[in-house]
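Okay, here's what each chain looks like letter by letter:
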Amino acid sequence: MKIAVLTGGGDCPGLNAAIRAVVRRGESYSYKIIGVREGWRGFVDQNFIPFDREKITGILPLGGTILGTSRTNPYKDSKTMEKFKTGFTASGCDVVIAIGGEDTLGVASKLSQDGYKVVGIPKTIDNDLEETDFTIGFQTAVAIAAEAIDRIHTTAESHNRVMVVEVMGRHVGWLATYAGLGAGADVILIPERPFHLDDVCGIIRKRTKNGRRFSIVVVAEGAKMVRKEGEETFLASSRKDEFGHVQLGGIGAVLAKEIEAKTGYESRVTVLGHVQRGGTPVVADRILASRFGVFAVDCIQKKNFGVMTALKGNQIVAVPLETIVGRLKTVDSELFSIAEVFFG
Ligand code: F6P
């Protein structure tokens, strides 16, 4: 058995821990493992690297991905697909383990329907994949964002300022909700709940009346502000990637400016950006990645293909890849209502 492993989409902490787990478990079955560089592009470009124990030594706590990543979509056009097929044959692999988010695993699902043997492992700091309680990278991003908000808290208090913290979260607000709840945000704004500026300002004014002269507003980059003309989304660039995604960003700056204009309270913005995806994974992500990696190889050993590893409660299970495609796991409303208790 020869397994190819790849990481696709945005990177996140914990990818290397998953690669290491795949190689170590694969070796225990005497499987051959190759790495595919830069996501699906590695098949298109025939960019492979043979893996053994030596190559993955010391990578457990390492951020990023030793394989590199990309947002290449082999289904983009027929020419790319032809190259992909040629590359796949050239790799000599029997099965692919794709570590990715909605786009990478969407490709994995299509490939599975087209007859390829594929197993998926879910990763993304957005935690927006259905059928799994958590994805690799999420807990690390939460820890980074919460630590940043803690730090912003002390300077907000010293200066009596409104501090707007923009966190990642393209379609959903898991990261904003967890980090905001964990670090004591006064307002959390998420894509699932379009907001009115007046409501945000109302909460901040009420805090001031209650003697609190600073406020922390955590906003997900994909949050939508309700204007007279409709809901506004904020883009850093309208250029689309191969999966049709635009680059989000800018809502924090607009919000800080408009809060200041409306309330008269001095406001500042901090955009956490890619800091949230960098550096060493927290232990929870290392363990999740290790469990997913081992389980993915066990699926292959049991000839259980076309599945994604998933965490349900404290169990790792296999779910059909097609069940996660085209769906988004939005923030649990019960959890959000707990966060709301601490607003204001
Ligand atoms: O999907 C993960 C994510 O970090 C999103 O939260 C964010 O919108 C996007 O990736 C940013 O992607 P890039 O690094 O390509 O700008």
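Shown above is the structure to which this text applies.
Residues numbered from 1 in each chain as written. Predicted model: local features only at pLDDT ≥ 70, side-chain atom pairs only at ≥ 80, totals over all residues. Heavy atoms only, no water.

**Some remarks on the overall build of the protein chain**
Okay, step 1: Along its length, the protein chain carries 10 helices and 15 strands.
Okay, step 2: For the protein chain, the C-alpha radius of gyration of 21 Å lies close to 20 Å, the compact-globule estimate for 344 residues.
Okay, step 3: Overall size of the protein chain, expressed as C-alpha extent along the three principal axes, is 70 × 40 × 30 Å.
Okay, step 4: Counting across all 344 residues of the protein chain, residues that qualify as buried make up 51%.
Okay, step 5: For the protein chain, the proportion of contacts with a sequence separation of at least 24, taken over those separated by at least 6, is 74%. (Helix = DSSP H or I, 4+ residues; strand = E, 2+ residues; numbered from the N terminus. Rg over C-alpha atoms; globule rule 2.2 N^0.38 Å. Buried < 20%, exposed > 50% of the residue type's maximum accessible area, 1.4 Å probe, protein only. Contact = heavy atoms within 4.5 Å.)

**A look at the side chain of T135**
Okay, step 1: Mapped onto the secondary structure, T135 falls in the loop between β5 (118-122) and α5 (138-159).
Okay, step 2: On the accessibility criterion, T135 (0% relative accessible area) is buried.
Okay, step 3: The residues contacting T135, other than those within four sequence positions of it, are P122, K123, T124, N127, L129, D285 and L288.

**Comments concerning the pattern of salt bridges**
Okay, step 1: In total, this model carries 17 salt bridges according to the counting rule given.
Okay, step 2: A salt bridge links D198 to K262, with the shortest nitrogen-to-oxygen separation between them at 3.3 Å. On the criterion of sequence distance, the pair formed by D198 in helix α7 (residues 197-209) and K262 in helix α8 (residues 251-263) is long-range, its members being 64 residues apart.
Okay, step 3: We classify D198 as partly exposed; its relative accessible area is 49%.
Okay, step 4: The exposure class assigned to K262 is partly exposed, which follows from its relative accessible area of 41%. (Salt bridge = Lys/Arg side-chain N within 4 Å of Asp/Glu carboxyl O.)

**Some remarks on the site of the ligand**
Okay, step 1: All residues in the neighbourhood of the ligand are listed as R71, T124, I125, D126, M168, G169, R170, E221, H274 and R277.
Okay, step 2: Take D126: an N or O atom from its side chain is 2.7 Å from an oxygen atom of the ligand.
Okay, step 3: E221 places a polar side-chain atom, nitrogen or oxygen, 2.5 Å from an oxygen atom of the ligand.
Okay, step 4: Within the complex, 81% of the 400 Å² of free accessible area of the ligand lies under protein. (Near = heavy atom within 4 Å. Polar contact = N/O pair within 3.5 Å; in protein donor to acceptor, adjacent residues only side chain to side chain. Areas by Shrake-Rupley, 256 points an atom, 1.4 Å probe, with all protein chains shown as cover.)

**Some remarks on the sheet that holds strand β6 (residues 162-167)**
Okay, step 1: If you trace the four strands from one edge of the open sheet to the other, you get β7-β8-β6-β13, paired in parallel fashion. The open sheet terminates on both sides in strands that have one partner only, identified here as β7 (187-189) and β13 (267-271). The sheet shows a mean angle of 20° between the axes of neighbouring strands, taken without regard to direction.
Okay, step 2: Sheet analysis places β6 next to strand β8 (residues 215-220), joined by six bridges and oriented parallel. Bridge pairing links V162 to S215 in β8.
Okay, step 3: Of the strands in this sheet, β6, β8 and β13 are in contact with α5, which crosses β6 at around 165°.
Okay, step 4: Strands in contact with helix α6 (residues 174-183) are β6, β7 and β8; relative to β7, the strand with the most contacts, it is inclined by about 170°. (Pairing = 2+ DSSP bridges. Axes fitted to C-alpha atoms, helices over the stretch in contact; angles between N-to-C directions.)

**Looking at the state of the cysteines**
Okay, step 1: In total, this model carries zero disulfides according to the counting rule given.
Okay, step 2: Between C12, a free cysteine, and C299, which holds the nearest cysteine sulfur, the sulfur-to-sulfur gap is 19 Å.
Okay, step 3: With a relative accessible area of 1%, C12 lands in the buried category.
Okay, step 4: Overall, the relative accessible area of 3% leaves C299 in the buried class. (Disulfide = S-S within 2.5 Å.)

**Structural notes on the sheet that holds strand β14 (residues 307-312)**
Note: strands within a sheet are paired through backbone hydrogen bonds, in either parallel or antiparallel orientation.
Okay, step 1: Ordered in space as β3-β2-β1-β4-β5-β14-β15, the seven strands form an open sheet in which the pairing is mixed. Among the strands making up the open sheet, the edge pair consists of β3 (48-51) and β15 (315-320). Taken over all neighbouring pairs, the strand axes of this sheet differ in orientation by 30° on average, direction set aside.
Okay, step 2: Across five bridges, the pairing between strand β1 (residues 2-7) and strand β4 (residues 95-100) is parallel. Paired with L6 across the strands is A98, a residue of β4.

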